[in-house]
Amino acid sequence: MDLFGNLLIGFGTALSLQNLLYAFAGCLLGTLIGVLPGLGPLATISMLLPFTFGLDPTAALIMLAGIYYGAAYGGSTTAILVNLPGETSSVVTVLDGYQMARQGRAGVAIATAAIGSFFAGCVGTLVLAAFAAPLASVAFRFGGAEYFSLMVVGLIGAVSLASGSVLKAIGMILIGVILGTVGTDLNSGVQRFTFGTPNLWEGIDFIVIAVGLFAFGEVIASLENDASRETFTENMGRLMPNAEDFKRMTPAILRGTSIGTLLGILPGAGLSLSSFFSYSLEKKVSRFRSQLGKGAIEGVAGPESANNAAAQTAFIPTLTLGIPGSPTMALMLGAMVMHNIQPGPQVMTSNPDLFWGLIVSMWIGNLILIILNLPLVGLWVRLLRIPYGVLYPAILLFCCLGVYSVQFSTFDLFLAAGFGLAGYAFRKLECEPAPLVLGFVLGPLLEENFRRAMVLSQGDFTIFVREPISLCFLLLAAVLLVAATLPKMRRERDAILREEM
Amino acid sequence: MKRILGVVLFACAALLPGLAAAQDFPSKRVTIVIPFTPAGSNDTIGRYLADGLAKLWNTPVVVENRPGAGSAIGSAHVAQSKPDGYTLLFVSGTFTTNAATQANLPFDPVKDLKPVGMGALGQMVIVTGSRVPTSNLADLVKAAKAQKVFYGTTGVGSSTQFAGELLNDVAGIKMEPVHYKGGTDALVDMAGGRLDVYVGTVTQVLSSVASNKAKPIAIASKTRSKALPDVPTVAEAGFAGAEADIWWGVFAPSGTPDAVVTKINQGINKVMASPEATEFLAKHGAMPAEMSVSEFGGHVTKELAKWRELAVKHNIKAE
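Note that the structure is predicted; figures quoted are calculated from it, not measured.

With that settled, the discussion passes to the pairing of strand S3 (residues 87-92) of chain B. All names here are of chain B. Counting buried positions along S3 yields six of six residues, so the element is predominantly enclosed. A two-sided burial pattern is seen for S3, the buried positions comprising Thr-87, Leu-89 and Val-91 on one face and Leu-88, Phe-90 and Ser-92 on the other. Of the pairings in the sheet, the one linking strand S1 (residues 30-34) to S3 comprises three bridges and is parallel in character. For Ile-32, the partnering residue across the bridge sits in S3 and is Leu-88. The pairing of S3 with strand S10 (residues 246-253) spans four bridges and is antiparallel.

Here the focus is the pattern of salt bridges. If you walk through the whole model with that rule in mind, you get 19 salt bridges over all chains. Of the charged contacts in the structure, one is a salt bridge between Glu-448 of chain A and Lys-181 of chain B, with a shortest N-O distance of 3.0 Å. Highlighted residues: Glu-448 of chain A in helix H20 (residues 433-456) and Lys-181 of chain B in the loop between strand S7 (176-179) and helix H7 (183-191), drawn from two different chains. Looking at Glu-448 of chain A, the relative accessible area reads 7%, which means it is buried. Given a relative accessible area of 53%, Lys-181 of chain B falls into the exposed group. Residues joined by salt bridges that share partners form a network here, namely Asp-185, Arg-192, Glu-447 and Arg-451 of chain A.

On to the sheet that holds S1 of chain B, then. Residue and element names in this part refer to chain B. In spatial order, the strands read S2-S1-S3-S10-S4-S11; together these six strands make up an open sheet with mixed pairing. On the outer flanks of this sheet lie strand S2 (61-65) and strand S11 (286-287), each paired with one strand and no other. Its contacts with the sheet put helix H4 (residues 94-101) on S3, strand S4 (113-122) and S10, and the angle it makes with S3 is roughly 80 degrees.

What follows deals with helix H11 (residues 293-313) of chain B. Counting along an α-helix, one turn takes 3.6 residues, and residues three or four places apart therefore face a common direction. Residues and elements named next belong to chain B. Relative to the 30 Å expected for 21 residues at 1.5 Å per residue, H11 spans 30 Å between its end C-alpha atoms, a close match to the ideal helical length. Within the sequence span of H11, burial applies to Phe-296, Gly-297, His-299, Val-300, Glu-303, Leu-304, Trp-307, Leu-310 and Ala-311. Along its buried surface, H11 packs onto H4, S4, helix H6 (159-171) and S10.

Here we take up the packing of aromatic side chains. Each aromatic ring pair is summarised here by two numbers: the centre-to-centre distance and the angle between the ring planes. What the rule picks out here adds up to 15 aromatic pairs over all chains. Ring plane angle 40 degrees and centroid distance 6.3 Å describe the contact between Phe-450 of chain A and Phe-461 of chain A, whose orientation is recorded as tilted. Highlighted residues: Phe-450 of chain A in helix H20 and Phe-461 of chain A in the loop between H20 and helix H21 (463-466), separated in sequence by 11 residues. Looking at Lys-28 of chain B, its charged tip hangs above the ring of Tyr-86 of chain B, at a distance of 4.6 Å from the centre. If you follow Lys-306 of chain B out to its NZ or CZ, it ends over the ring of Trp-307 of chain B, 4.9 Å from the centre.

A word on the nonpolar core. Soluble globular proteins: nonpolar side chains tend toward being buried together. Judged by nonpolar contacts, the single largest core of 76 residues is most densely connected at Ile-80, Ile-204, Ile-209 and Leu-213 of chain A. Ranked by residues supplied to this core, first place goes to H20 of chain A with 10 residues. Not counting the four nearest positions on each side in its chain, Ile-209 of chain A is found in contact with Leu-179, Ile-204, Phe-214, Phe-419, Leu-436 and Phe-440 of chain A. Counting 59 residues, the second-largest nonpolar core is a separate cluster that includes Ala-120, Val-132, Ala-144 and Ile-316 of chain B.

Residue and element names in this part refer to chain B. For chain B, per-residue confidence averages 87 on the pLDDT scale, and 92% of positions sit at 70 or higher. Note on residues 12-18: pLDDT under 50 across the span, and one contact to partners over four residues away in sequence or across chains. On the interface metric, ipTM, the complex scores 0.78, and its pTM is 0.72.

It is worth spelling out the confidence of the model for chain A at this point. Scored by pLDDT, chain A comes out at a mean of 77, with 78% of its residues at no less than 70. Contacts of residues 495-501 of chain A to residues separated by more than four positions or lying in other chains number six contacts, the stretch itself having pLDDT below 50.

Residues and elements named next belong to chain A. Nonpolar side chains collect at one region of the surface, where Phe-11, Leu-15, Trp-363, Leu-367 and Ile-371 lie side by side and expose about 420 Å² of accessible area between them. Looking at which element gives the most residues to the nonpolar patch, the answer is helix H16 (residues 352-373), with three residues. Here Leu-367 lies in helix H16. The exposure class of Leu-367 is partly exposed, given its relative accessible area of 33%.

All names here are of chain A. The interhelical angle for the contact between helix H10 (residues 243-265) and helix H12 (residues 298-313), taken along N-to-C directions, is 30 degrees, at an axis separation of 6 Å. In terms of their interaxial angle, H10 and H12 are classed as roughly parallel. Pair H10 / H12 crosses with right-handed handedness. Between H10 and H12, the residues in contact are Arg-248, Met-249, Ala-252, Ile-253, Gly-256, Thr-257, Gly-260, Thr-261, Gly-264 and Ile-265 and Glu-298, Ala-301, Gly-302, Ser-305, Ala-306, Ala-309, Ala-310 and Thr-313, respectively. Here the residues of the contact of H10 with H12 are counted per class, giving eight nonpolar, eight polar and two charged.

Once that is clear, we can look at the sheet that holds strand S6 (residues 150-153) of chain B. Sheet strands line up and pair through hydrogen bonds in the backbone, either parallel or antiparallel. Residue and element names in this part refer to chain B. One open sheet accounts for five strands, arranged S7-S6-S8-S5-S9; its pairing is mixed. Looking at the sheet topology across the chains shown, the edges are occupied by S7 and strand S9 (215-219). On average, adjacent strands in this sheet sit at an angle of 35 degrees to one another, irrespective of strand direction. Where S6 meets strand S8 (residues 197-201), two bridges bridge the pair, whose relative direction is parallel. Residue Gly-152 lies in a different strand from S8, and its bridge partner there is Tyr-198.

Our focus in this paragraph is the environment of Thr-153 of chain B. Residues and elements named next belong to chain B. Note on placement: Thr-153 falls in strand S6. For the pair Thr-153 and Asp-185, spaced 32 residues apart in the sequence, the C-alpha separation amounts to 9.8 Å. Those residues in contact with Thr-153 that sit more than four places away from it in its chain are Ser-158, Thr-160, Gln-161, Pro-177, Val-178, His-179 and Tyr-180. One polar contact links Thr-153 to His-179, side chain to side chain, over a distance of 2.7 Å.

Take the pairing of S7 of chain B next. Residues and elements named next belong to chain B. Sheet topology note: the S6/S7 ladder contains four bridges and is parallel. Within S7, the position partnered with Gly-152 by the bridge is Val-178. With H6 bridging S6 and its parallel neighbour S7, the resulting β-α-β unit is right-handed.

Within the structure shown, the criterion is met by zero disulfides over all chains. Looking at Cys-27 of chain A, it has no disulfide partner, and the nearest cysteine sulfur is the one in Cys-122 of chain A, 13 Å off.

We now examine the environment of Leu-262 of chain A. For Leu-262 of chain A, the location among the structural elements is in helix H10. For the pair Leu-262 of chain A and Ser-274 of chain A, spaced 12 residues apart in sequence, the C-alpha separation works out to 8.7 Å.

Bringing the environment of Glu-295 of chain B into the picture now. All names here are of chain B. On the secondary structure map, Glu-295 appears in helix H11. You can call Glu-295 partly exposed: its relative accessible area is 47%. A C-alpha to C-alpha distance of 21 Å links Glu-295 and Leu-281, two positions 14 residues apart in sequence.

Of note, the amide linkage connecting Phe-25 of chain B to Pro-26 of chain B takes the cis form, showing an omega dihedral of -5 degrees. With respect to the secondary-structure elements, Pro-26 of chain B resides in the loop between helix H1 (2-24) and S1. The backbone phi angle of Phe-193 of chain A is positive, close to 50 degrees, even though this residue is not glycine. Even without glycine at this site, Glu-430 of chain A takes up a positive phi of about 55 degrees. Its place among the elements puts Glu-430 of chain A in the loop between helix H19 (410-428) and H20.

About the cut-offs
Residues numbered from 1 in each chain as written. Chains lettered and ligands numbered in written order. Predicted model: local features only at pLDDT ≥ 70, side-chain atom pairs only at ≥ 80, totals over all residues. Heavy atoms only, no water. Buried < 20%, exposed > 50% of the residue type's maximum accessible area, 1.4 Å probe, protein only. Helix = DSSP H or I, 4+ residues; strand = E, 2+ residues; numbered from the N terminus. Pairing = 2+ DSSP bridges. Salt bridge = Lys/Arg side-chain N within 4 Å of Asp/Glu carboxyl O. Contact = heavy atoms within 4.5 Å. Axes fitted to C-alpha atoms, helices over the stretch in contact; angles between N-to-C directions. Expected span 1.5 Å × (residues − 1). Phe/Tyr/Trp six-rings, centres within 6.5 Å; stacked < 30°, edge-to-face > 60°. Lys NZ or Arg CZ within 6 Å of the ring centre and 35° of its normal. Core = buried A, V, L, I, M, F, W, Y, C linked by side-chain atoms within 4.5 Å. pLDDT = per-residue confidence, 0-100. Patch = residues over 30% accessible without salt bridge, like charges linked within 9 Å, V, L, I, M, F, W, Y side chains within 5 Å. Areas by Shrake-Rupley, 256 points an atom, 1.4 Å probe, with all protein chains shown as cover. Parallel < 35°, antiparallel > 145°, perpendicular 65-115°, else oblique. Left-handed = near helix turned anticlockwise from the far one by under 90°. Nonpolar A, V, L, I, M, F, W, Y, C, P; charged D, E, K, R; others polar. Polar contact = N/O pair within 3.5 Å; in protein donor to acceptor, adjacent residues only side chain to side chain. Right-handed = clockwise from strand over helix to strand, strands pointing away. Disulfide = S-S within 2.5 Å.

In structure tokens form, the structure reads like this:
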């Protein structure tokens with residue numbers, strides 16, 4: 001395919017005044033939503049979906065896409081300054097970003113997130129444009145066995161997410177897996193842990209857990225000791241990273257971008273996994289791995305790049321195959337169908353304006369975002385400079401709106417409140433909630449794909465080692481497991497732990 | 001004579017409120033509950049109907065999404081609402097398949113809700129993947145007798161599983177179900193050569209068919225599909241009885257006066273039978289299917305009995 005010609009079509013569409021305006025509106029709205037804790041892109045897109053009916057489909061999708069990655073950008077700002085992740089992807093950014101803020105380097109952290117995201121966004125867009133068609137076929141190679149093995153890697157990798165005790169991390173992963181089984185089992189129709197209430201038949205929504213554990217938990221904890229509650233909106237330090245910062249962030253950005261680009265293509269798992277995987281990788285290979293969790297720039301640069309690269313390439317399965325990679329992508333897909341565009345490989349030929357226009361507008365969106373986020377960061381920060389007495393009720397209100405808008409269920413609000421208490425308890429027990437979230441996301445996928453692989457192979461366990469892709473993942477998992485238990489690694493870990501104490 | 005007159009008068013008096021209610025209906029805002037999240041086909045078609053009814057009656061008709069428990073939460077809400085016609089349920093055929101598989105529904109689908117009218121009908125199509133080299137339904141049945149064939153579903157007790165089991169039943173074969181979170185996941189596995197058969201809506205499989213990732217072999221409906229005009233129906237392919245249409249219809253709390261139900265039914269038919277509605281529905285792979293109150297009631301009863309029998313016979317149940 002003629003990449004240049006295609007991109008030209010795309011620029012022609014995306015640079016029209018109307019589409020530029022919608023891209024800008026989407027990015028602005030997305031950043032605003034992202035900065036406000038609790039309201040994620042999923043909630044925002046679903047709330048705004050009805051308002052895009054009247055728009056031309058290209059403009060509608062451009063705006064929705066703008067909200068989507070705008071929120072991811074804005075989310076990192078809040079994660080760094082207030083220690084509140086809006087989404088799974090920023091859960092990881094919190095770890096080092098907030099520590100950087102505590103060291104007076106909030107500005108650098110925000111700039112790093114923006115630079116990493118912009119670079120990853122550019123690469124992601126190029127990859128999307130160049131490889132859309134050939135990459136789509138990679139997705140077809142992933143069946144039950146391949147996904148199962150990928151999840152195994154993910155769960156073992158999750159242990160490295162926690163900076164505290166390994167045992168506690170495993171415990172939290174298991175709690176997450178158990179929470180993930182709540183609801184009607186896909187394979188048998190049996191209801192598990194529903195305690196007789198139909199409200200739990202479809203399981204617990206991710207937003208309920210995330211808002212409860214992180215946002216509510218944080219607010220409760222802050223009530224206890226207001227003085228220790230730090231937000232770094234007054235003194236963010238300098239914004240521009242220095243030469244040393246650039247030197248350290250570059251390899252992390254490159255690694256994060258590669259991981260995100262690859263994982264984003266996978267339907268179903270990529271987006272939420274990419275930042276976790278990137279962080280795990282930094283913990284393994286970075287020269288400054290011992291500083292991770294204590295404000296290392298790599299811990300912000302890697303995951304933020306990975307997350308944004310994946311956000312771009314997640315459009316590959318969505319646009320070319322009609323397979324959404326995440327709930328947000330599913331909403332984008334719904335928006336396409338609503339505008340009477342049948343997703344699938346034929347979109348590229350039947351709606352070239354829309355397809356290439358959307359891709360180019362993503363790159364333009366990234367540019368708009370770096371403008372919105374770097375010079376205007378002060379403006380967003382002012383949003384967070386609101387006194388706690390006003391900010392906390394407002395955060396709670398927005399969180400409740402976000403939770404309610406998912407299922408329109410008051411039961412979910414109570415559930416989120418319950419998770420808020422649990423989040424507070426975990427904090428007191430020094431159990432980190434991030435592995436729980438990963439277990440919650442991966443556990444059900446692990447089970448679902450395992451059982452599907454077993455049915456399709458008629459009960460033959462060797463399927464997992466006979467499929468080459470699956471075998472590779474399992475070997476990788478074994479390496480991770482061995483590495484985690486090796487005496488040398490254990491000593492290193494313990495050394496890090498001692499420093500933390 | 002006096003007594004007879006009295007009885008007649010009494011009967012009239014008793015009937016009057018009902019008639020008066022029907023004549024005034026609707027005198028205030030009508031709520032249509034959609035038991036699914038916004039943005040699915042159910043929601044889109046339901047909102048179209050609500051808009052149409054609002055214009056027809058010149059009264060606000062609002063849509064309320066009450067998702068959860070595979071439509072059970074919204075349905076139970078309407079079942080417990082005041083039976084005056086001002087709270088209605090817009091639900092898909094899931095209503096009957098759920099009733100057949102779930103013993104602990106929070107409402108009784110027969111006793112608590114009254115069928116009002118048919119909104120629209122959608123067609124399902126049987127598609128096959130590359131692993132079974134078939135170009136028609138007879139070949140597939142032959143292949144399924146000779147080797148193990150897997151068909152994809154969107155979960156235990158879903159309409160896709162019932163459509164697959166119905167084909168098993170009619171053709172006397174034993175395709176084994178493989179469960180997926182959604183139809184697109186099943187279609188990906190089919191494109192990857194891991195899944196053999198899927199019975200899904202025409203809209204859903206269209207893009208896979210266009211890119212030759214799935215082969216349509218029969219329409220599981222009485223008539224051919226406009227989107228796939230060359231594909232024969234199951235009856236034309238020699239397997240009459242394997243029709244598994246999907247549909248969307250309106251229900252009211254039982255106890256809603258018959259006159260009000262009839263008036264709503266007429267409204268639905270008027271809105272959904274218009275040329276604009278036909279055009280709108282075609283975009284979502286559906287078509288109008290005008291039915292009177294009793295015809296729709298009969299349709300629901302027949303579907304319920306059919307799925308219940310199949311669920312017992314093939315042991316499909318959610319516990």
